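# Summary of the model geometry
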Amino acid sequence: MSEVLDLSLLKGTPQQREEISVALLHGLKTRGGVKLKNHGLPDQLIYDLFDWTRKFFALPHEDKMLAKHPPQANPNRGYCFVGQESISSISGFEKGLPQGQFVRDIKETVDFGSPRDELVDNIWVPEEKLPGFRKFIEEFYETCFKLELEILAALARALGVDENQMVSLHNKAENEFRILHYPEIPASDLADGTATRIAEHTDFGSITMLFQDSVGGLQVEDQQNPGVFHGIESAEKTEIILNIGDSMQRLTNDTFRAACHRVTYPPSVKVGSEAVIPERYSIAYFAKPNRTASLFPFKEFITPSTPCRYDDVNAWDFQNLRISRLFK
Ligand SMILES: O=C(O)CCC(=O)C(=O)O
Ligand SMILES: [Fe+2]
């Protein structure tokens, strides 16, 4: 996935709009993901996002624990310390694979939802511990939500389905947004396969917008060659890696298939060596259908040659089925 698509072409000439639609469709249909530049989020906003992320994780442990995630899956909000959540429990879930060996994720995260969420509140450290953090995160959430809707509308147009239907399924901003820190560790800690940075998985939502620093180690499974993973580098922190999630796979009846991804050794570090794996920061914005929305495939994707592959389930039940496994 080396090519970076220029999303500003969505506002270009008819020919440019056609070209970018074709490129989006091709990347998402064949790889489940594309990289985007000129997406409309200001560069400075993304640099600030990384700065705030670094500042949060630099707080003393006892301060971070003031915003701790509950021990169970819901509400999925707040700070998870290293070891609290391990994603291997859902690796292979959507592929129908047996739930395999437990692998520990060496990461710490904070999950946020919409500041306007009617069901659950965010969990914050007291303002004096990190003045300005809450305001920044709440504003970033809303800015990303607007971009999400633009991307979903563009995908609907490219797929030839009703743009309004796609947008209205997502209009409540019932998304989740997470900042991640992978602490510095000796490579030998990952050598025996019982621990990793984040185990392979697909995201649950419709689309994920992922930002990463330059450390590396993110890998996406080749959809044509299952089991083969390719490294995904970002030339700039400001690039967005746009991934398909399980909910979009359902809505499109497998026209788009969720990108299976993981984070492991960066390319610069030899597996099992004495080297130190540098710390890494990333941010993932998981766009999700409204909780009450049905994930039944759009009618356009159900044809005699592509019969319906999915039951009717609503987004909230689907999410809970997945997330409840993470905290067992
Ligand atoms: O850190 C990354 O680049 C990926 C994070 C991720 O896949 C997730 O939180 O779902
Ligand atoms: Fe993910």
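Please refer to the structure placed before this passage.
Notes on the structure follow. For clarity, every value in this text was computed on a predicted model and none was experimentally measured.

Backbone hydrogen bonds are what pair the strands of a sheet, in a parallel or an antiparallel way. Spatially, β1-β2-β13-β10-β16-β6-β5-β3 is the arrangement adopted by the eight strands of the open sheet, whose pairing is mixed. Each edge of the open sheet carries a strand with a single partner, namely β1 (4-6) and β3 (78-80). In this sheet, adjacent strand axes meet at a mean angle of 25° when their direction is disregarded. Sheet topology note: the strand β10 (residues 207-212)/strand β16 (residues 280-287) ladder contains six bridges and is antiparallel. The residue of β16 that forms the bridge with F211 is I283. Those strands touched by helix α1 (residues 14-31) are β1, β2 (33-37) and β13 (240-244), and its axis lies near 145° from that of β2.

It is worth spelling out the packing of aromatic side chains at this point. Tallied over the full model, the rule gives 16 aromatic pairs. When the centroid spacing of 5.4 Å and the interplanar angle of 85° are considered together, the rings of F56 and F57 count as edge-to-face. Exposure class is identical for F56 and F57. Each is buried. Ring plane angle 35° and centroid distance 5.5 Å describe the contact between F112 and F177, whose orientation is recorded as tilted. In this pair, F112 is assigned in strand β5 (residues 108-112) and F177 in strand β6 (residues 176-182), connecting sequence segments 65 residues apart. Judged by relative accessible area, which is 1%, F112 ranks as buried. Stacked on the ring of Y281, the Lys or Arg R54 has its end atom at 6.0 Å from the ring centre. Sitting over the ring of W52, K55 keeps its end group 4.1 Å from the ring centre.

Reading the values: the criteria
Residues numbered from 1 in each chain as written. Chains lettered and ligands numbered in written order. Predicted model: local features only at pLDDT ≥ 70, side-chain atom pairs only at ≥ 80, totals over all residues. Heavy atoms only, no water. Pairing = 2+ DSSP bridges. Helix = DSSP H or I, 4+ residues; strand = E, 2+ residues; numbered from the N terminus. Axes fitted to C-alpha atoms, helices over the stretch in contact; angles between N-to-C directions. Contact = heavy atoms within 4.5 Å. Phe/Tyr/Trp six-rings, centres within 6.5 Å; stacked < 30°, edge-to-face > 60°. Buried < 20%, exposed > 50% of the residue type's maximum accessible area, 1.4 Å probe, protein only. Lys NZ or Arg CZ within 6 Å of the ring centre and 35° of its normal.

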